[in-house]
Amino acid sequence: MTGTVRTFRVPAQISYGCGAIETVGVEAKRLGGSRAFVVADPNLQKAGIPDRLMASLQGQGIEARLFVDVEPEPSVQSVTAAAAAAKEYRGDVLVGIGGGSALDTAKAAVVLTKNPGSLEDYFGIGLVKQRGVPAILVPTTSGTGAEITPNSLFYVPALKEKKAVVSPHTIPDVAIIDPLLTLSVPPGVTAATGMDALSHAVEAYTSQNASPMTDLYALEAVRLIGTHLRTAVANGNDLAAREGMAKASFYAGIAIGNAGTNIVHALAYPLQGQHRITHGVANSLLLPYGMEFNALSNLRKFGAIAEALGEPVVGLSPRAAAAKSAEACRLLSLDVGIPQRMSEVGIRPEHIGVLVEEAMKQTRLWANNPRQVRSEDARAILEKAL
Ligand SMILES: NC(=O)c1ccc[n+]([C@@H]2O[C@H](COP(=O)([O-])OP(=O)(O)OC[C@H]3O[C@@H](n4cnc5c(N)ncnc54)[C@H](O)[C@@H]3O)[C@@H](O)[C@H]2O)c1
Ligand SMILES: [Fe+2]
(Lines give C-alpha, C1' and ligand atoms only; values in the text may rest on other atoms or scores of the structure.)
(Ligands and ions follow the chains in the order given, each with its own letter.)
Protein backbone atom coordinates (compact mmCIF):
# COMPACT_ATOMS: atom_id res chain seq x y z
CA MET A 1 0.00 0.00 0.00
CA THR A 2 2.85 2.44 0.81
CA GLY A 3 3.56 4.67 -2.16
CA THR A 4 0.22 3.88 -3.83
CA VAL A 5 -1.87 6.93 -4.72
CA ARG A 6 -5.59 6.55 -4.08
CA THR A 7 -8.32 8.95 -5.14
CA PHE A 8 -11.42 9.33 -3.03
CA ARG A 9 -14.61 10.71 -4.58
CA VAL A 10 -18.04 11.21 -3.07
CA PRO A 11 -20.96 13.53 -3.91
CA ALA A 12 -20.24 17.18 -3.08
CA GLN A 13 -22.96 16.97 -0.43
CA ILE A 14 -24.48 14.06 1.46
CA SER A 15 -27.43 14.79 3.77
CA TYR A 16 -28.46 12.00 6.11
CA GLY A 17 -31.28 11.82 8.63
CA CYS A 18 -34.96 11.20 9.27
CA GLY A 19 -36.94 13.85 7.42
CA ALA A 20 -34.05 14.73 5.08
CA ILE A 21 -36.42 14.41 2.11
CA GLU A 22 -37.94 17.75 3.11
CA THR A 23 -34.68 19.46 2.06
CA VAL A 24 -34.89 18.41 -1.60
CA GLY A 25 -36.57 21.68 -2.65
CA VAL A 26 -33.98 23.88 -0.94
CA GLU A 27 -31.11 21.86 -2.42
CA ALA A 28 -32.60 21.93 -5.91
CA LYS A 29 -32.90 25.71 -5.65
CA ARG A 30 -29.32 26.02 -4.37
CA LEU A 31 -28.20 24.10 -7.46
CA GLY A 32 -29.92 26.74 -9.62
CA GLY A 33 -32.99 24.65 -10.41
CA SER A 34 -36.32 26.14 -11.43
CA ARG A 35 -37.68 23.18 -13.41
CA ALA A 36 -37.13 19.66 -12.05
CA PHE A 37 -37.48 16.33 -13.81
CA VAL A 38 -38.16 13.68 -11.16
CA VAL A 39 -37.59 9.96 -11.80
CA ALA A 40 -39.30 7.33 -9.62
CA ASP A 41 -40.86 3.89 -10.21
CA PRO A 42 -44.58 3.00 -10.41
CA ASN A 43 -44.65 1.11 -7.08
CA LEU A 44 -43.23 4.11 -5.30
CA GLN A 45 -45.80 6.35 -6.89
CA LYS A 46 -48.58 4.00 -5.75
CA ALA A 47 -47.17 4.11 -2.21
CA GLY A 48 -47.16 7.93 -2.36
CA ILE A 49 -43.42 8.07 -1.63
CA PRO A 50 -42.54 10.87 -4.10
CA ASP A 51 -45.40 13.11 -2.83
CA ARG A 52 -43.35 14.83 -0.09
CA LEU A 53 -40.47 15.34 -2.50
CA MET A 54 -42.75 16.95 -5.08
CA ALA A 55 -44.27 19.18 -2.36
CA SER A 56 -40.79 20.18 -1.20
CA LEU A 57 -39.85 21.22 -4.75
CA GLN A 58 -43.10 23.09 -5.27
CA GLY A 59 -42.66 24.78 -1.88
CA GLN A 60 -39.53 26.42 -3.29
CA GLY A 61 -41.36 27.56 -6.41
CA ILE A 62 -39.77 24.85 -8.55
CA GLU A 63 -41.89 23.47 -11.34
CA ALA A 64 -41.66 19.67 -11.36
CA ARG A 65 -42.65 16.75 -13.57
CA LEU A 66 -42.85 13.23 -12.12
CA PHE A 67 -41.79 10.41 -14.48
CA VAL A 68 -42.51 6.86 -13.28
CA ASP A 69 -41.93 4.56 -16.27
CA VAL A 70 -38.93 2.91 -14.63
CA GLU A 71 -38.43 -0.82 -15.04
CA PRO A 72 -37.08 -3.00 -12.24
CA GLU A 73 -33.40 -3.70 -13.08
CA PRO A 74 -33.91 -1.40 -16.07
CA SER A 75 -33.32 -2.37 -19.67
CA VAL A 76 -31.42 -0.06 -21.96
CA GLN A 77 -34.65 0.57 -23.90
CA SER A 78 -36.58 1.77 -20.85
CA VAL A 79 -33.71 4.00 -19.80
CA THR A 80 -33.42 5.46 -23.29
CA ALA A 81 -37.12 6.38 -23.15
CA ALA A 82 -36.66 7.99 -19.71
CA ALA A 83 -33.70 10.01 -20.99
CA ALA A 84 -35.70 11.18 -24.01
CA ALA A 85 -38.54 12.34 -21.75
CA ALA A 86 -36.05 14.21 -19.53
CA LYS A 87 -34.47 15.91 -22.54
CA GLU A 88 -37.82 16.91 -23.95
CA TYR A 89 -38.89 18.43 -20.62
CA ARG A 90 -35.71 20.59 -20.57
CA GLY A 91 -35.41 20.58 -16.80
CA ASP A 92 -32.50 22.38 -15.18
CA VAL A 93 -32.22 19.92 -12.29
CA LEU A 94 -32.84 16.16 -12.24
CA VAL A 95 -34.00 14.29 -9.14
CA GLY A 96 -34.03 10.49 -8.79
CA ILE A 97 -35.95 8.80 -5.96
CA GLY A 98 -36.19 5.05 -5.48
CA GLY A 99 -34.15 1.88 -5.35
CA GLY A 100 -31.14 1.27 -7.59
CA SER A 101 -33.41 0.80 -10.62
CA ALA A 102 -34.85 4.33 -10.45
CA LEU A 103 -31.55 5.91 -9.41
CA ASP A 104 -29.60 4.27 -12.26
CA THR A 105 -32.30 5.37 -14.72
CA ALA A 106 -31.97 8.92 -13.38
CA LYS A 107 -28.16 8.77 -13.65
CA ALA A 108 -28.36 7.78 -17.31
CA ALA A 109 -30.90 10.52 -18.03
CA VAL A 110 -28.54 13.06 -16.45
CA VAL A 111 -25.64 11.91 -18.67
CA LEU A 112 -27.73 12.22 -21.82
CA THR A 113 -28.86 15.78 -21.01
CA LYS A 114 -25.41 17.11 -21.94
CA ASN A 115 -23.61 14.33 -23.82
CA PRO A 116 -24.49 13.42 -27.42
CA GLY A 117 -25.41 9.98 -28.76
CA SER A 118 -27.04 7.07 -27.00
CA LEU A 119 -26.62 5.32 -23.65
CA GLU A 120 -24.68 2.47 -25.31
CA ASP A 121 -21.96 4.96 -26.31
CA TYR A 122 -21.09 5.33 -22.64
CA PHE A 123 -20.93 1.65 -21.61
CA GLY A 124 -17.47 1.24 -20.13
CA ILE A 125 -15.12 3.20 -17.92
CA GLY A 126 -14.59 6.95 -18.16
CA LEU A 127 -16.36 7.55 -21.49
CA VAL A 128 -18.76 10.29 -20.32
CA LYS A 129 -17.28 13.62 -21.50
CA GLN A 130 -19.01 16.08 -19.19
CA ARG A 131 -21.43 16.41 -16.31
CA GLY A 132 -25.12 16.66 -17.14
CA VAL A 133 -27.61 18.96 -15.43
CA PRO A 134 -27.26 19.15 -11.61
CA ALA A 135 -28.55 15.99 -9.94
CA ILE A 136 -30.02 14.97 -6.59
CA LEU A 137 -30.47 11.28 -5.73
CA VAL A 138 -32.66 9.97 -2.91
CA PRO A 139 -32.51 6.21 -2.15
CA THR A 140 -35.56 4.37 -0.84
CA THR A 141 -33.90 0.95 -0.43
CA SER A 142 -30.88 0.20 1.76
CA GLY A 143 -28.73 -1.66 -0.68
CA THR A 144 -27.18 -0.35 -3.84
CA GLY A 145 -25.51 2.89 -2.73
CA ALA A 146 -26.27 4.12 -6.26
CA GLU A 147 -26.79 7.64 -4.83
CA ILE A 148 -23.04 7.73 -4.08
CA THR A 149 -21.25 5.63 -6.71
CA PRO A 150 -19.92 6.51 -10.19
CA ASN A 151 -21.65 3.38 -11.56
CA SER A 152 -25.00 2.65 -13.18
CA LEU A 153 -26.14 -0.72 -14.48
CA PHE A 154 -28.42 -1.59 -17.38
CA TYR A 155 -29.82 -4.80 -18.83
CA VAL A 156 -29.19 -5.33 -22.53
CA PRO A 157 -31.79 -7.90 -23.69
CA ALA A 158 -30.09 -8.58 -27.05
CA LEU A 159 -26.89 -9.66 -25.28
CA LYS A 160 -28.53 -11.01 -22.10
CA GLU A 161 -25.94 -8.97 -20.23
CA LYS A 162 -25.82 -6.23 -17.63
CA LYS A 163 -23.63 -3.35 -18.84
CA ALA A 164 -22.21 -0.54 -16.76
CA VAL A 165 -21.61 3.15 -17.27
CA VAL A 166 -18.73 4.04 -14.96
CA SER A 167 -17.86 7.72 -14.72
CA PRO A 168 -17.27 10.24 -11.94
CA HIS A 169 -19.64 12.52 -13.90
CA THR A 170 -22.51 10.29 -12.76
CA ILE A 171 -21.87 10.92 -9.05
CA PRO A 172 -24.72 13.28 -8.14
CA ASP A 173 -24.22 16.78 -6.75
CA VAL A 174 -26.33 15.91 -3.72
CA ALA A 175 -27.29 12.58 -2.10
CA ILE A 176 -30.16 12.78 0.38
CA ILE A 177 -30.56 9.72 2.59
CA ASP A 178 -33.72 9.59 4.67
CA PRO A 179 -34.21 6.30 6.58
CA LEU A 180 -37.94 7.04 6.98
CA LEU A 181 -38.37 6.35 3.26
CA THR A 182 -37.27 2.74 3.79
CA LEU A 183 -39.94 1.85 6.39
CA SER A 184 -42.28 0.53 3.68
CA VAL A 185 -39.75 -1.74 1.92
CA PRO A 186 -41.17 -5.32 2.03
CA PRO A 187 -39.14 -7.99 3.91
CA GLY A 188 -37.96 -9.82 0.77
CA VAL A 189 -36.61 -6.62 -0.80
CA THR A 190 -35.09 -5.56 2.55
CA ALA A 191 -33.26 -8.89 2.72
CA ALA A 192 -32.00 -8.90 -0.88
CA THR A 193 -30.91 -5.26 -0.88
CA GLY A 194 -29.26 -5.68 2.52
CA MET A 195 -27.23 -8.64 1.24
CA ASP A 196 -26.23 -6.52 -1.78
CA ALA A 197 -24.89 -3.88 0.62
CA LEU A 198 -23.05 -6.60 2.55
CA SER A 199 -21.45 -7.84 -0.69
CA HIS A 200 -20.37 -4.25 -1.44
CA ALA A 201 -18.81 -3.86 1.99
CA VAL A 202 -17.00 -7.21 1.93
CA GLU A 203 -15.74 -6.85 -1.65
CA ALA A 204 -14.59 -3.23 -1.20
CA TYR A 205 -12.84 -4.07 2.09
CA THR A 206 -10.88 -6.87 0.46
CA SER A 207 -10.43 -5.23 -2.98
CA GLN A 208 -7.03 -4.67 -4.57
CA ASN A 209 -8.05 -1.00 -4.61
CA ALA A 210 -8.96 -0.83 -0.92
CA SER A 211 -7.40 2.10 0.92
CA PRO A 212 -7.40 3.20 4.56
CA MET A 213 -10.25 5.58 3.62
CA THR A 214 -12.48 2.93 2.06
CA ASP A 215 -11.63 0.43 4.82
CA LEU A 216 -13.19 2.75 7.42
CA TYR A 217 -16.51 2.81 5.59
CA ALA A 218 -16.48 -0.80 4.45
CA LEU A 219 -15.85 -2.39 7.84
CA GLU A 220 -18.34 -0.12 9.59
CA ALA A 221 -20.92 -1.09 6.95
CA VAL A 222 -20.26 -4.80 7.67
CA ARG A 223 -20.74 -4.15 11.40
CA LEU A 224 -23.99 -2.20 10.87
CA ILE A 225 -25.43 -4.90 8.59
CA GLY A 226 -24.50 -7.64 11.09
CA THR A 227 -26.27 -5.65 13.80
CA HIS A 228 -29.38 -4.46 11.93
CA LEU A 229 -30.34 -6.54 8.89
CA ARG A 230 -32.14 -9.32 10.74
CA THR A 231 -34.26 -6.84 12.71
CA ALA A 232 -35.04 -4.75 9.61
CA VAL A 233 -36.37 -7.88 7.87
CA ALA A 234 -38.25 -9.17 10.94
CA ASN A 235 -39.86 -5.82 11.76
CA GLY A 236 -39.79 -3.22 9.02
CA ASN A 237 -41.13 -0.59 11.41
CA ASP A 238 -38.07 -0.77 13.66
CA LEU A 239 -36.60 2.65 12.99
CA ALA A 240 -33.24 1.97 14.66
CA ALA A 241 -32.74 -1.03 12.34
CA ARG A 242 -33.83 0.98 9.28
CA GLU A 243 -31.44 3.80 10.27
CA GLY A 244 -28.61 1.31 10.73
CA MET A 245 -29.25 -0.21 7.30
CA ALA A 246 -29.61 3.19 5.59
CA LYS A 247 -26.20 4.20 6.96
CA ALA A 248 -24.68 0.83 6.07
CA SER A 249 -25.89 1.13 2.48
CA PHE A 250 -24.36 4.55 1.91
CA TYR A 251 -21.12 3.66 3.71
CA ALA A 252 -20.85 0.55 1.52
CA GLY A 253 -21.64 2.78 -1.50
CA ILE A 254 -18.74 5.08 -0.57
CA ALA A 255 -16.53 2.01 -0.25
CA ILE A 256 -17.40 0.48 -3.66
CA GLY A 257 -17.46 3.88 -5.34
CA ASN A 258 -13.75 4.12 -4.57
CA ALA A 259 -12.48 0.54 -4.16
CA GLY A 260 -14.85 -1.37 -6.49
CA THR A 261 -16.45 -4.78 -6.21
CA ASN A 262 -14.86 -8.03 -7.34
CA ILE A 263 -15.48 -11.78 -7.25
CA VAL A 264 -19.08 -11.82 -6.01
CA HIS A 265 -20.46 -9.21 -8.40
CA ALA A 266 -18.42 -10.66 -11.29
CA LEU A 267 -19.91 -14.13 -10.78
CA ALA A 268 -23.39 -12.73 -10.06
CA TYR A 269 -23.84 -10.52 -13.15
CA PRO A 270 -24.42 -13.48 -15.51
CA LEU A 271 -27.15 -14.77 -13.18
CA GLN A 272 -28.90 -11.43 -13.71
CA GLY A 273 -28.22 -11.16 -17.45
CA GLN A 274 -28.86 -14.79 -18.43
CA HIS A 275 -31.52 -15.78 -15.89
CA ARG A 276 -32.94 -12.44 -14.64
CA ILE A 277 -32.22 -13.25 -10.99
CA THR A 278 -32.55 -10.12 -8.82
CA HIS A 279 -29.25 -8.28 -8.20
CA GLY A 280 -29.27 -8.70 -4.42
CA VAL A 281 -30.28 -12.38 -4.51
CA ALA A 282 -27.64 -13.17 -7.16
CA ASN A 283 -24.90 -11.58 -5.03
CA SER A 284 -26.13 -13.25 -1.86
CA LEU A 285 -26.01 -16.69 -3.52
CA LEU A 286 -22.35 -16.24 -4.42
CA LEU A 287 -21.11 -14.25 -1.42
CA PRO A 288 -19.99 -17.07 0.93
CA TYR A 289 -18.37 -18.99 -1.92
CA GLY A 290 -16.48 -15.95 -3.21
CA MET A 291 -15.29 -15.23 0.33
CA GLU A 292 -14.11 -18.82 0.89
CA PHE A 293 -12.08 -18.60 -2.32
CA ASN A 294 -10.61 -15.16 -1.52
CA ALA A 295 -9.90 -15.68 2.20
CA LEU A 296 -6.41 -16.99 1.44
CA SER A 297 -5.43 -13.56 0.08
CA ASN A 298 -5.78 -11.74 3.39
CA LEU A 299 -6.59 -13.79 6.49
CA ARG A 300 -6.42 -10.70 8.69
CA LYS A 301 -9.08 -8.81 6.78
CA PHE A 302 -11.41 -11.79 6.49
CA GLY A 303 -10.96 -12.34 10.24
CA ALA A 304 -11.91 -8.69 10.82
CA ILE A 305 -15.10 -9.22 8.77
CA ALA A 306 -16.00 -12.22 10.96
CA GLU A 307 -15.44 -10.14 14.08
CA ALA A 308 -17.51 -7.22 12.68
CA LEU A 309 -20.35 -9.70 12.08
CA GLY A 310 -20.25 -10.67 15.75
CA GLU A 311 -18.36 -13.96 15.49
CA PRO A 312 -16.24 -14.85 18.53
CA VAL A 313 -12.71 -14.82 17.09
CA VAL A 314 -10.59 -14.22 20.18
CA GLY A 315 -8.08 -17.04 20.57
CA LEU A 316 -8.66 -18.39 17.06
CA SER A 317 -5.85 -18.80 14.55
CA PRO A 318 -5.96 -16.24 11.68
CA ARG A 319 -7.09 -19.04 9.36
CA ALA A 320 -9.92 -20.17 11.63
CA ALA A 321 -11.07 -16.58 12.20
CA ALA A 322 -11.07 -15.87 8.44
CA ALA A 323 -13.12 -19.02 7.77
CA LYS A 324 -15.83 -17.72 10.12
CA SER A 325 -16.48 -14.71 7.86
CA ALA A 326 -18.07 -16.72 5.03
CA GLU A 327 -20.00 -18.82 7.53
CA ALA A 328 -21.41 -15.69 9.20
CA CYS A 329 -22.61 -14.33 5.82
CA ARG A 330 -24.20 -17.69 4.98
CA LEU A 331 -26.11 -17.73 8.27
CA LEU A 332 -27.24 -14.14 7.80
CA SER A 333 -28.65 -14.81 4.33
CA LEU A 334 -30.33 -18.00 5.62
CA ASP A 335 -31.92 -16.10 8.53
CA VAL A 336 -33.30 -13.36 6.27
CA GLY A 337 -34.85 -15.92 3.93
CA ILE A 338 -32.69 -15.69 0.80
CA PRO A 339 -32.28 -18.86 -1.30
CA GLN A 340 -29.08 -20.67 -0.42
CA ARG A 341 -28.35 -22.51 -3.66
CA MET A 342 -28.47 -21.49 -7.31
CA SER A 343 -30.59 -24.58 -8.06
CA GLU A 344 -33.36 -23.04 -5.94
CA VAL A 345 -33.66 -20.18 -8.46
CA GLY A 346 -33.69 -22.43 -11.53
CA ILE A 347 -30.00 -22.80 -12.38
CA ARG A 348 -29.08 -26.24 -13.70
CA PRO A 349 -25.68 -27.89 -14.27
CA GLU A 350 -25.93 -27.28 -18.03
CA HIS A 351 -26.06 -23.52 -17.41
CA ILE A 352 -22.67 -23.37 -15.71
CA GLY A 353 -20.59 -23.21 -18.90
CA VAL A 354 -22.22 -19.99 -20.14
CA LEU A 355 -22.19 -18.50 -16.63
CA VAL A 356 -18.41 -19.07 -16.44
CA GLU A 357 -17.85 -17.59 -19.90
CA GLU A 358 -19.92 -14.51 -19.10
CA ALA A 359 -18.36 -14.05 -15.66
CA MET A 360 -14.85 -14.12 -17.09
CA LYS A 361 -15.79 -11.10 -19.28
CA GLN A 362 -16.11 -8.92 -16.16
CA THR A 363 -12.49 -7.77 -16.45
CA ARG A 364 -13.26 -4.44 -14.70
CA LEU A 365 -14.18 -6.39 -11.56
CA TRP A 366 -11.54 -9.12 -11.77
CA ALA A 367 -8.87 -6.41 -11.77
CA ASN A 368 -9.99 -5.59 -8.21
CA ASN A 369 -9.96 -9.17 -6.97
CA PRO A 370 -7.35 -9.94 -4.32
CA ARG A 371 -6.79 -13.46 -5.66
CA GLN A 372 -6.25 -14.41 -9.28
CA VAL A 373 -9.25 -16.25 -10.72
CA ARG A 374 -8.92 -18.57 -13.71
CA SER A 375 -11.96 -19.87 -15.52
CA GLU A 376 -11.47 -23.29 -13.83
CA ASP A 377 -11.70 -21.49 -10.48
CA ALA A 378 -14.88 -19.66 -11.51
CA ARG A 379 -16.38 -22.98 -12.62
CA ALA A 380 -15.49 -24.69 -9.33
CA ILE A 381 -17.02 -21.85 -7.31
CA LEU A 382 -20.23 -21.84 -9.35
CA GLU A 383 -20.50 -25.64 -9.09
CA LYS A 384 -20.20 -25.39 -5.30
CA ALA A 385 -22.93 -22.72 -5.25
CA LEU A 386 -25.27 -24.87 -7.39
N1 LIG B 1 -25.44 2.17 -9.34
C2 LIG B 1 -24.88 1.34 -8.50
O3 LIG B 1 -23.81 1.61 -7.96
C4 LIG B 1 -25.56 0.04 -8.22
C5 LIG B 1 -25.09 -0.80 -7.21
C6 LIG B 1 -25.76 -2.01 -6.98
C7 LIG B 1 -26.88 -2.35 -7.74
N8 LIG B 1 -27.31 -1.50 -8.73
C9 LIG B 1 -28.50 -1.81 -9.56
O10 LIG B 1 -29.66 -1.44 -8.82
C11 LIG B 1 -30.76 -2.25 -9.26
C12 LIG B 1 -31.43 -2.87 -8.05
O13 LIG B 1 -31.85 -1.86 -7.17
P14 LIG B 1 -32.59 -2.25 -5.79
O15 LIG B 1 -31.99 -3.49 -5.27
O16 LIG B 1 -32.58 -1.05 -4.93
O17 LIG B 1 -34.05 -2.64 -6.26
P18 LIG B 1 -35.17 -1.87 -7.14
O19 LIG B 1 -34.85 -0.44 -7.33
O20 LIG B 1 -35.38 -2.68 -8.38
O21 LIG B 1 -36.43 -1.99 -6.18
C22 LIG B 1 -36.95 -3.26 -5.83
C23 LIG B 1 -38.44 -3.15 -5.52
O24 LIG B 1 -38.63 -2.45 -4.31
C25 LIG B 1 -39.59 -1.42 -4.49
N26 LIG B 1 -39.29 -0.34 -3.54
C27 LIG B 1 -38.20 0.47 -3.54
N28 LIG B 1 -38.25 1.30 -2.49
C29 LIG B 1 -39.40 1.02 -1.82
C30 LIG B 1 -40.00 1.56 -0.65
N31 LIG B 1 -39.42 2.52 0.06
N32 LIG B 1 -41.16 1.02 -0.24
C33 LIG B 1 -41.74 0.01 -0.95
N34 LIG B 1 -41.23 -0.54 -2.04
C35 LIG B 1 -40.05 -0.03 -2.48
C36 LIG B 1 -39.46 -1.02 -5.94
O37 LIG B 1 -40.61 -0.40 -6.43
C38 LIG B 1 -39.20 -2.38 -6.60
O39 LIG B 1 -40.43 -3.04 -6.81
C40 LIG B 1 -30.17 -3.31 -10.19
O41 LIG B 1 -30.42 -2.98 -11.53
C42 LIG B 1 -28.68 -3.27 -9.88
O43 LIG B 1 -27.89 -3.69 -10.97
C44 LIG B 1 -26.70 -0.32 -8.96
FE1 LIG C 1 -24.43 -4.56 -5.94
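Here the structure is a predicted model, which means the values were calculated and not measured. Residue numbers restart at each chain and count upward from 1, following the sequence in its written direction. The lettering of chains begins at A and the numbering of ligands begins at 1, in the order of writing. Where local features are concerned, this predicted model is filtered to residues with pLDDT of at least 70; where side-chain atom pairs are given and counted, the filter is 80 or more; whole-chain, interface and lining totals use all residues. Calculated side-chain values reflect all of the structure's heavy atoms, with hydrogen atoms and water omitted.

1. Concerning unusual backbone geometry
Move 1: Although it is not a glycine, Glu73 sits at a positive phi angle of roughly 50°.
Move 2: Put simply, DSSP marks the helices as runs of H or I at least four residues long and the strands as runs of E at least two long, and each gets a number from the N terminus on. Within the secondary structure layout, Glu73 lies in the loop between strand 3 (63–67) and helix 4 (76–89).
Move 3: Overall, Glu73 belongs to the buried group, its relative accessible area being 18%.
Move 4: Phi at Arg276 is positive, roughly 55°, even though this residue is not glycine.
Move 5: Mapped onto the elements of the fold, Arg276 is located in the loop between helix 9 (263–275) and helix 10 (279–294).
Move 6: For Arg276, a relative accessible area of 39% translates into the label partly exposed. For every residue, the accessible area obtained with a 1.4 Å probe (protein chains only) is divided by the maximum for its type, and the residue is called buried under 20%, exposed over 50%, and partly exposed between those limits.

2. Section: the domain arrangement of the protein
Move 1: Parsing the protein into structural domains produces domain 1 (13–182) and domain 2 (187–385).
Move 2: Boundary definitions for the domains trace back to an automatic or database domain assignment. Put simply, the middle of domain 1 and the middle of domain 2, counted by C-alpha atoms, are 26 Å apart.
Move 3: Contacts between domain 1 and domain 2 engage 28 residues on the former and 28 residues on the latter.
Move 4: Whenever a carboxyl oxygen of Asp or Glu lies within 4 Å of a side-chain nitrogen of Lys or Arg, that contact is scored as a salt bridge. Joining domain 1 to domain 2, the criterion identifies one salt bridge.
Move 5: Glu161 is the partner of Lys361 in a salt bridge, and the nearest nitrogen-oxygen pair spans 3.3 Å. Note on contacts: a residue pair qualifies if any of its non-hydrogen atoms lie within 4.5 Å across the two residues.

3. Some details on the site of ligand 1
Move 1: Nearness of a residue to a molecule or strand requires only that one of the residue's heavy atoms be within 4 Å of it. The environment of ligand 1 is made up of 29 residues, and the closest members are Asp41, Gly100, Ser101, Thr140 and Thr149.
Move 2: Between ligand 1 and Asp104 there is a distance of 2.8 Å, counted from a nitrogen atom to a side-chain nitrogen or oxygen.
Move 3: Pairing of N or O atoms within 3.5 Å defines a polar contact, subject to two protein rules: one partner must be a possible hydrogen donor and the other a possible acceptor, and residues neighboring in sequence count only if both atoms are side-chain atoms. Contacts to ligand 1 include Leu181, whose backbone N or O atom sits 2.8 Å from a nitrogen atom.
Move 4: Protein burial of ligand 1: of its 860 Å² of free accessible surface, 90% is covered by the chains.
Move 5: Among the domains, domain 1 (13–182) and domain 2 (187–385) are the pair contributing at least three residues each to the shell around ligand 1. The Shrake-Rupley method, run with a 1.4 Å probe sphere, supplies the accessible areas, and residue values consider only the shown protein chains as cover.

4. Points about the coordination of the iron ion (ligand 2)
Move 1: The iron ion (ligand 2) binds to the protein through Asp196 (OD), His200 (NE2), His265 (NE2) and His279 (NE2), with metal-donor distances spanning 2.1 to 2.2 Å.
Move 2: Sites may look incomplete because water is not among the atoms; the donors themselves are N, O and S atoms within 2.8 Å of the metal, or within 3.2 Å for Na, K and Ca. Under the classification used here, a metal with four donors is tetrahedral if each angle lies between 85 and 135 degrees, square planar if opposite donors are over 155 degrees apart and the others between 65 and 115, a six-donor metal meeting that same test is octahedral, and anything else is irregular. Given four donor atoms and angles of 84 to 164° at the metal, the environment of the iron ion (ligand 2) is assigned as irregular.

5. Some words on the packing of aromatic side chains
Move 1: Centres within 6.5 Å are what make two rings of Phe, Tyr or Trp a pair, Trp counting through its six-membered ring; a difference in plane orientation under 30 degrees is then read as stacked, over 60 as edge-to-face, and the rest as tilted. The final tally for this structure, using the stated rule, is seven aromatic pairs.
Move 2: Relative to Tyr89, the ring of Phe37 lies with its centre 5.9 Å away and its plane at 45°, an arrangement referred to as tilted. Residue Phe37 is located in strand 2 (residues 35–39), and its partner Tyr89 is located in helix 4; the two are separated by 52 residues in the primary sequence. Take Phe37 and Tyr89: they sit in the same class, and that class is buried.
Move 3: Here the aromatic residues Phe8, Tyr16, Tyr217, Phe250 and Tyr251 are joined through ring pairs into a cluster of three or more.
Move 4: Both a distance and an angle decide whether a charge sits over a ring: NZ of Lys or CZ of Arg must be within 6 Å of the ring centre and within 35 degrees of the ring normal. Of note, Arg330 hangs over the ring of Tyr289, and the distance from its end group to the ring centre comes to 5.0 Å.
Move 5: The ring centre of Phe293 lies 4.0 Å from the NZ or CZ of Arg371, which sits over that ring.

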